[in-house]
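# Summary of structural features
Here's the letter readout for the chains.
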Amino acid sequence: MATGTIRYWAAAKAAAGIAEEPYAEATLAEALSAARARHPGELDRVLLRCSFLIDGDPVGTRAHETVRLAEGGTVEVLPPFAGG
């Protein structure tokens, strides 16, 4: 397990009701599942359309279960963008 920060932007920020929060999970899939549990409702729908950066690197089409999170890392939850 790693700890770090999830930063929400645009619609994800509005749906979560906060700009950022800590994570304590090993993978992106686990961190998003925990975020959905903390913020039930609209965030679940919004996350399905978001793009993600992990420590500045785009996740792209990689399965979220395979994306490992680093200790002290940052997950950026962004609106979809071209090529993301």
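Above this text you will find the structure in question.
Attention in this report is confined to the structure presented alongside it. Keep in mind the model is a prediction, meaning the values are calculated, not measured.

Looking only at helices and strands, the protein has three helices and five strands in total. The secondary structure elements of the protein, listed N-terminal to C-terminal, are β-α-β-α-α-β-β-β. Relative to its length of 84 residues, the protein is compact, with a C-alpha radius of gyration of 11 Å against a globular reference of 12 Å. For the C-alpha atoms alone, the extent of the protein along its principal axes is close to 30 × 25 × 20 Å. Expressed as a percentage of the 84 residues in the protein, the buried residues total 40%. Long-range contacts, defined as pairs at least 24 residues apart, comprise 59% of the intrachain contacts of the protein with a sequence gap of at least 6. Carbon and sulfur atoms make up 56% of the accessible area of the protein, which amounts to about 4,500 Å² in all. Treating the 8 positive side-chain charges of the protein as one cloud and the 11 negative ones as another, the clouds have centres 5 Å apart.

Attention now moves to the nonpolar core. The biggest cluster of nonpolar side chains holds 21 residues, and the ones touching the most others in it are Tyr-8, Leu-28, Phe-52, Val-75 and Val-77. Elements that contribute at least two residues to this core include exactly β1 (2-8), α1 (10-16), α2 (28-38), α3 (42-47), β3 (51-54) and β5 (73-78). Ranked by residues supplied to this core, first place goes to α2 with four residues. When residues no more than four places from it in sequence are discounted, the contact partners of Val-75 are Thr-5, Ile-6, Arg-7, Tyr-23, Leu-28, Leu-53, Ile-54 and Leu-69.

For the rest of this paragraph, the subject is the pairing of β5. Most of β5 sits inside the fold, with six of its six residues counted as buried. In β5, alternate side chains face the same way, and those of Gly-73, Val-75 and Val-77 on one face and Thr-74, Glu-76 and Leu-78 on the other are all buried. Judged from the four bridges that link them, β3 and β5 form a sheet pairing that is antiparallel. Across the sheet, Leu-53 pairs through a bridge with Glu-76, a residue of β5.

All right, on to the side chain of His-39 then. Inspection of the secondary structure assignment puts His-39 in the loop between α2 and α3. Among the polar contacts listed, one links the side chain of His-39 to the backbone oxygen of Ala-16, at a separation of 3.2 Å. Non-local contacts of His-39, meaning those with residues more than four positions away in its chain, are made with Tyr-8, Ala-16, Ile-18 and Glu-21.

Procedures and definitions
Residues numbered from 1 in each chain as written. Predicted model: local features only at pLDDT ≥ 70, side-chain atom pairs only at ≥ 80, totals over all residues. Heavy atoms only, no water. Helix = DSSP H or I, 4+ residues; strand = E, 2+ residues; numbered from the N terminus. Rg over C-alpha atoms; globule rule 2.2 N^0.38 Å. Buried < 20%, exposed > 50% of the residue type's maximum accessible area, 1.4 Å probe, protein only. Contact = heavy atoms within 4.5 Å. Areas by Shrake-Rupley, 256 points an atom, 1.4 Å probe, with all protein chains shown as cover. Lys, Arg positive; Asp, Glu negative; His and termini not counted. Charge placed at Lys NZ, Arg CZ, Asp CG, Glu CD. Core = buried A, V, L, I, M, F, W, Y, C linked by side-chain atoms within 4.5 Å. Pairing = 2+ DSSP bridges. Polar contact = N/O pair within 3.5 Å; in protein donor to acceptor, adjacent residues only side chain to side chain.

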